[in-house]
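# Chains, contacts and geometry: an overview
Residue-level listing of the chains:
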Number of protein chains: 2
Amino acid sequence: MRATYLYGAGDVRVIDVPDPVIQQPTDAVLRVIRSCVCGSDLHPYHGAPVPPGGKPMGHEFIGVVEEIGSEVATVKRGDVVITPFAWSDGTCDFCREGLQTSCRHGGFWGSNGIGGGQAEAVRVPLADGTLVKVPVGEDSELLPSLLTLSDVYGTGYHAAVKGGVSERTAVTVIGDGAVGLLAVLSAKQLGASRIVLMGRHKERTELGVEFGATDVVAERGDEGVAKVRELTGGDGTHVVIDAVGFREAYDQALGIVRPGGVISRVGVPQYADAPASFAGFFVPNITLTGGAAPARAYIERLLPDVLAGKVAPGKVFDQTVTLEDIPAGYRAMHERTALKVLVRP
Amino acid sequence: MRATYLYGAGDVRVIDVPDPVIQQPTDAVLRVIRSCVCGSDLHPYHGAPVPPGGKPMGHEFIGVVEEIGSEVATVKRGDVVITPFAWSDGTCDFCREGLQTSCRHGGFWGSNGIGGGQAEAVRVPLADGTLVKVPVGEDSELLPSLLTLSDVYGTGYHAAVKGGVSERTAVTVIGDGAVGLLAVLSAKQLGASRIVLMGRHKERTELGVEFGATDVVAERGDEGVAKVRELTGGDGTHVVIDAVGFREAYDQALGIVRPGGVISRVGVPQYADAPASFAGFFVPNITLTGGAAPARAYIERLLPDVLAGKVAPGKVFDQTVTLEDIPAGYRAMHERTALKVLVRP
C-alpha cells in the first residue's frame, strides 16, 4: 500500500510499504477514508528530528474496518470508525479517568511499529478501546466534521475544559489555526460569556467569529496584551488558551490572564521552561495547565451535535488533496495558504 | 510603640515608632496579642532586598481592637480578631471569588505606610473586610491555633484546595516546615487517602504523622523521587504540594507527580522559570498551580474545628519569644532550631 513518510525538513514522500495485517487478537485493520495534516506535523516538517528510517505520518483519520482480530468485540467489518490520535486500551485507570493519552498499554501513531493515518490502511492496536463507530456511510458529508473528533476538535475542547471555561468566564484564544478556532467553538459550547480570538488572518478569524468569538484582536505581543486588557476593563480574561506553542504565545498569555486565572496550553510547546515567577505568576495565583489532549475522552460528548449538524467543526478544512498529492498539502500548510488540509484516498 | 524592622541580611531590630492611629473611617487599630515569624520572613533576613528605611515585619497576628473608624461595622473595641496576611475590602469581585490577595483595594502588611504585625499595635485598613472576630478571650489557650489562620494554616489549606485534594487523591507534601505540616493536616481534612510527607527533621515529620501523613520520606532529589515512586507502585501521586519554594523542590515535584496530576506551590518560588516542557509536562498533562494564599477566604471554613479543638494547628509553634527578643526568634528559625516561633507582647 501507499503511505506518507517524513525523512527530514521539508522531505515528505508517499512510498510503498507492506499492507498492514492483524498481529494481535485485539487489532483491527482499517482502510483510511479521510485523514488530514495537523499543525503538529509541521514541527518535524520544519526540522524537528525524525528517526533514521523516516517517520510514518498522520494521526487523525477515519476509516472503514476491513479486518478484526479474534478478541475485538465493539467494531466489525464495514463499520465507519473515528480513530483518536492516541490508541488506548479503554480499561486502565488512566483511560477510566479520561486520560487516554497516558494509557498504560497505549501509544501514538507512527511509532513503535504502528503506521500513520496518512496512508491507505492502518493497523489499529487495542481496537475496542481506541475506535468509535459512527452511524454514517463512507460517503457522508459529515466526514470532515467527524474527522475533527480524532484530534483537532478534541484538542480545542480539552483546552477549554482544562481551562475551566464556563458561563462565568471570559476567554482569550491565542492563535487562529484550526485548534484555536475549535477552542473558540468549544468555549462557546461551554458557555463562555466573552471569547477574544487573537489572530491576524482575516478569513480564519471570520470563521472564529462564526464559531463564537465575540472580539478579534489582530495585534500581537505587548500591543496585543494591551488591546485585550483594554477590551476587558484592564483585567484580562479568566482563561487564556494557547493554541500556538511558541514562547511568544505563552508570554502573551501571561500578560492577558486575570489574577486567579488559567493558562491552558494545547499548542505543542516549542520551549522547555515557562516563566512562573513570584510577582507575575505566584502572587496572582495563575494556573498553567493543558497538554496532549485525550481526544478519545471527548468523542461521545461531542459527537451528537456533530451528527445533528448543530456544529460544523469540519469548516476548518479549506483544502483537499489526494494521498498521492500530500506533499502539496504539507506545503500549503507550511506556506499558510491552507488553514487545514483534508486528505482523500 | 515598639515594632520590628528589618534593615538587611540578618539585621532585625525592635525599634521605637509612632503609635498607629485611625487615618481612614474604615480603619481599626489593634493591640497585637500574638504574632509570629514566617518562613517567608527569612527571605529578606537571608538577603532579599528591603527598602532603604527598613521594612516593618510581621504579617500573621491576632489582636484586640482598640479603636475603630466611623464606618467600621463588624468589629468593636475589645473584640479579639484574626488578621489575615493581606488586607482586603471584602466586597470587590476578587474578594467575592475568594481571592482576597488580589483585592482591588487591598494590600500587604509592612508596605505602603502600613505597619507589620511584629509590633505592639497595628493600623488595619478596611477593617470590615479584613478582620474576623473570634469568640475567645485574650488569654485563650486557643490563640496559637487561631493565629495559624492568619497565614500558615490557610496557606497549607490553599495548597491542598488548589491541588484538588479529595478522597480520590494521593498527595505528596514536599517540606516539613510549618506550611508543609499544615498542608498535611489540610490534605487529611479534605479526605486524601494517602499523604506522603518529604522531610528529614524527625520531630517535625512526627508532627506530620500526627497531622495525617501516612508515609515519611527523608530522601531528597532523585533518591526522594525514586522512593515516592516505589511507595506508589511507580506512579507518583495525583497532587504534589511544594511547601519549600526552591527550584530543587519543583524538580522533585515534577519527578513525583502522576500523569494528569497537579503541582501546587505555596512555598514562595525563589526562581523565575519553571520547567514545563513537551515530554515532561505537556504530554502527561501536568498542571502547575498554587500561589499566595488568600488566607481570609478560608478562615470561616477552618475556624469551627479549631474552636472545637478537633484540630490543633498551633502545634507548629515550638518556641515562644517576647517582642523584645524577636531577633533571637529569627535566629532560631534561620538555624532551624525552631520550627515556628510565636511572639508574645
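Residues numbered from 1 in each chain as written. Chains lettered and ligands numbered in written order. Predicted model: local features only at pLDDT ≥ 70, side-chain atom pairs only at ≥ 80, totals over all residues. Heavy atoms only, no water.

Within an unreviewed UniProt entry, the label attached to chain A reads Alcohol dehydrogenase catalytic domain-containing protein, and the organism entered is Kribbella koreensis. As its UniProt record puts it under Cofactor (unreviewed entry), chain A is described as follows: "Zn(2+)". Regarding chain A, the relevant UniProt record gives this comment under Sequence similarities (unreviewed entry): "Belongs to the zinc-containing alcohol dehydrogenase family." (UniProt positions renumbered as here; feature names shortened; annotations may be inferred.)

What follows concerns the overall build of chain A. Counting its regular elements, chain A contains twelve helices and 19 strands. Dimensions along the principal axes, computed over C-alpha positions, put chain A at roughly 60 × 40 × 35 Å. A buried classification covers 59% of the 345 residues belonging to chain A. In chain A, the share of contacts with a sequence separation of at least 24, taken over all contacts with a separation of at least 6, comes to 68%. (Helix = DSSP H or I, 4+ residues; strand = E, 2+ residues; numbered from the N terminus. Buried < 20%, exposed > 50% of the residue type's maximum accessible area, 1.4 Å probe, protein only. Contact = heavy atoms within 4.5 Å.)

Time to look at the pairing of strand 15 (residues 257-265) of chain B. Walk down a regular strand and you will see the side chains alternate between the two sheet faces. Residue and element names in this part refer to chain B. In terms of burial, strand 15 is largely enclosed, as seven of its nine residues are buried. Taken together, the four bridges between strand 15 and strand 17 (residues 287-290) define a ladder with parallel strand orientation. Note on strand 17: the bridge partner recorded for Ser 264 is Thr 289. (Pairing = 2+ DSSP bridges.)

Let's shift gears to the UniProt feature "domain: Alcohol dehydrogenase-like N-terminal" (unreviewed entry) in chain A. When the UniProt feature table is mapped onto this chain, "domain: Alcohol dehydrogenase-like N-terminal" (unreviewed entry) is found at residues 25-135 of chain A. In residues 25-135 of chain A, helix accounts for 11% and strand for 30%; the two terminal C-alpha atoms are 25 Å from one another.

Turning our attention to the interface of chain B and chain A. Contacts between the two partners involve 38 residues from chain B and, on the opposite side, 38 residues from chain A. Both sides together, the interface formed by chain B and chain A hides about 3,000 Å², and carbon and sulfur atoms give 51% of it. Contact with chain A buries surface across chain B, with Arg 258, Phe 282 and Asn 285 of chain B losing the most and accounting together for 21% of the total. Summed over the shared surface of chain B and chain A, the result is six salt bridges. When the shortest N-O distance is used, the salt bridge between Glu 97 of chain B and Arg 258 of chain A registers 2.9 Å. Along the contact surface separating chain B from chain A lie 22 residue pairs in polar contact (both at pLDDT 80 or more). Those elements that place two or more of their residues in the side of chain B that touches chain A are helix 2 (93-96), helix 5 (152-163), strand 15, strand 16 (273-275), helix 10 (278-282) and strand 17 of chain B. The residue makeup of the side of chain B that touches chain A, split by class, is 19 nonpolar, eleven polar and eight charged. Pairing analysis gives three bridges linking strand 16 (residues 273-275) of chain A to strand 16 of chain B, with the strands arranged antiparallel. Paired with Asp 273 of chain A across the strands is Pro 275 of chain B, a residue of strand 16 of chain B. (Buried area = accessible area lost by both parts, 1.4 Å probe. Salt bridge = Lys/Arg side-chain N within 4 Å of Asp/Glu carboxyl O. Polar contact = N/O pair within 3.5 Å; in protein donor to acceptor, adjacent residues only side chain to side chain. Nonpolar A, V, L, I, M, F, W, Y, C, P; charged D, E, K, R; others polar.)

What follows is about the pattern of salt bridges. In the structure shown here, the tally under the stated rule is 36 salt bridges over all chains. Put simply, Glu 206 of chain B and Lys 202 of chain B hold a salt bridge, and the shortest N to O gap is 2.8 Å. One end of the pair, Glu 206 of chain B, and the other, Lys 202 of chain B, are both in helix 7 (residues 202-211), four residues apart, so they sit about a helical turn from each other. Look at Lys 202 of chain B and you get exposed, because its relative accessible area is 58%. Residue Glu 210 of chain B pairs with Lys 315 of chain B through a salt bridge whose shortest N-O separation is 2.3 Å. Placement of Glu 210 of chain B in helix 7 and of Lys 315 of chain B in the loop between helix 11 (295-307) and strand 18 (319-322) is noted, with a sequence separation of 105 residues between them. Linked through salt bridges whose partners overlap, the residues forming this network are Asp 93, Glu 97 and Arg 104 of chain A together with Asp 235 and Arg 258 of chain B.

Below, the discussion takes up helix 11 (residues 295-307) of chain A. Residues and elements named next belong to chain A. The terminal C-alpha atoms of helix 11, which comprises 13 residues, lie 17 Å apart, in line with the 18 Å expected from a rise of 1.5 Å per residue. Along helix 11, the sharpest change in direction is near 45 degrees and occurs at Arg 301; proline Pro 304 comes one to four residues later. Those residues of helix 11 that sit buried are Ala 295, Arg 296, Tyr 298, Ile 299, Leu 302, Leu 303 and Val 306. Next to the buried residues of helix 11 lie strand 6 (80-83), helix 3 (127-130), strand 10 (132-133), helix 4 (143-148), helix 5 (152-163) and helix 6 (178-189). (Expected span 1.5 Å × (residues − 1). Bend = angle between axes of the 7 residues up to and from the residue.)

All names here are of chain B. Within the secondary structure layout, Gln 252 lies in helix 9 (residues 247-256). For Gln 252, a relative accessible area of 8% gives the class buried. Among the polar contacts listed, one links the side chain of Gln 252 to the backbone nitrogen of Gly 221, at a separation of 3.0 Å. Here Gln 252 is in contact with Ile 174, Met 198, Arg 220, Gly 221 and Val 225, once residues within four sequence places are set aside.

Screw-axis analysis of chain B against chain A gives a translation of 0.0 Å along the axis, an RMSD of 0.0 Å, and a rotation angle of 180 degrees. The symmetry that links the two subunits is that of a two-fold axis. In this assembly the copies share their binding face: 100% of the residues contributing to the interface of chain B also contribute to that of chain A. (Least-squares fit on C-alpha atoms with pLDDT ≥ 70 in both.)

Quick look at unusual backbone geometry now. Comment: phi is negative for the bulk of residues other than glycine, and the bulk of peptide bonds are trans. Positive phi, normally seen in glycine, also occurs at Leu 126 of chain A, with a value near 50 degrees. The residue Leu 126 of chain A is located in the loop between strand 9 (121-124) and helix 3 in this model. Non-glycine residue Asn 285 of chain B carries a positive phi angle of around 60 degrees. Mapped onto the elements, Asn 285 of chain B comes out in the loop between helix 10 and strand 17.

What follows deals with the packing of helix 6 of chain A against helix 7 (residues 202-211) of chain A. Residues and elements named next belong to chain A. Two numbers describe how helix 6 lies on helix 7: the axes approach to 8 Å, and their chain directions differ by 15 degrees. The angle between helix 6 and helix 7 falls in the class roughly parallel. For the element pair helix 6 and helix 7, the recorded crossing hand is right-handed. Each of Leu 181, Leu 182, Val 184, Leu 185 and Lys 188 in helix 6 lies in contact with helix 7, whose residues at this interface are Arg 204, Leu 207, Gly 208 and Phe 211. Of the residues in the contact of helix 6 with helix 7, the class split is six nonpolar, one polar and two charged. (Axes fitted to C-alpha atoms, helices over the stretch in contact; angles between N-to-C directions. Parallel < 35°, antiparallel > 145°, perpendicular 65-115°, else oblique. Left-handed = near helix turned anticlockwise from the far one by under 90°.)

What follows covers the pairing of strand 18 of chain B. Residue and element names in this part refer to chain B. Here four bridges tie strand 18 to strand 19 (residues 341-344), and the two strands are oriented parallel to one another. What sits directly across from Thr 320, in strand 19, is Leu 342. Between the parallel elements strand 18 and strand 19, the chain passes through helix 12 (residues 326-334) in a crossover that is right-handed. (Right-handed = clockwise from strand over helix to strand, strands pointing away.)

We now examine the domain arrangement of chain A. For interface size, the figure often reported is the accessible area lost on association. Residues and elements named next belong to chain A. Split by domain assignment, chain A resolves into domain 1 (2-151 + 294-344) and domain 2 (156-290). On a C-alpha basis, the centroid separation for the pair domain 1 and domain 2 is 27 Å. Opposite the 17 residues of domain 1 that make contact, domain 2 presents 17 residues. Between domain 1 and domain 2 lies a buried interface of about 1,500 Å² when both sides are counted; carbon and sulfur atoms form 67% of it. When the area that domain 1 buries against domain 2 is broken down by residue, the three leading residues are His 43, Tyr 298 and Leu 339, summing to 33%. Taken together, domain 1 and domain 2 are joined by one salt bridge. Applying the counting criterion to the domain 1 and domain 2 interface returns four residue pairs in polar contact (both at pLDDT 80 or more). For the side of domain 1 that touches domain 2, the leading source of residues is helix 11, giving four residues. Its residues assigned to classes, the side of domain 1 that touches domain 2 shows nine nonpolar, three polar and five charged. (Domains from an automatic or database assignment.)

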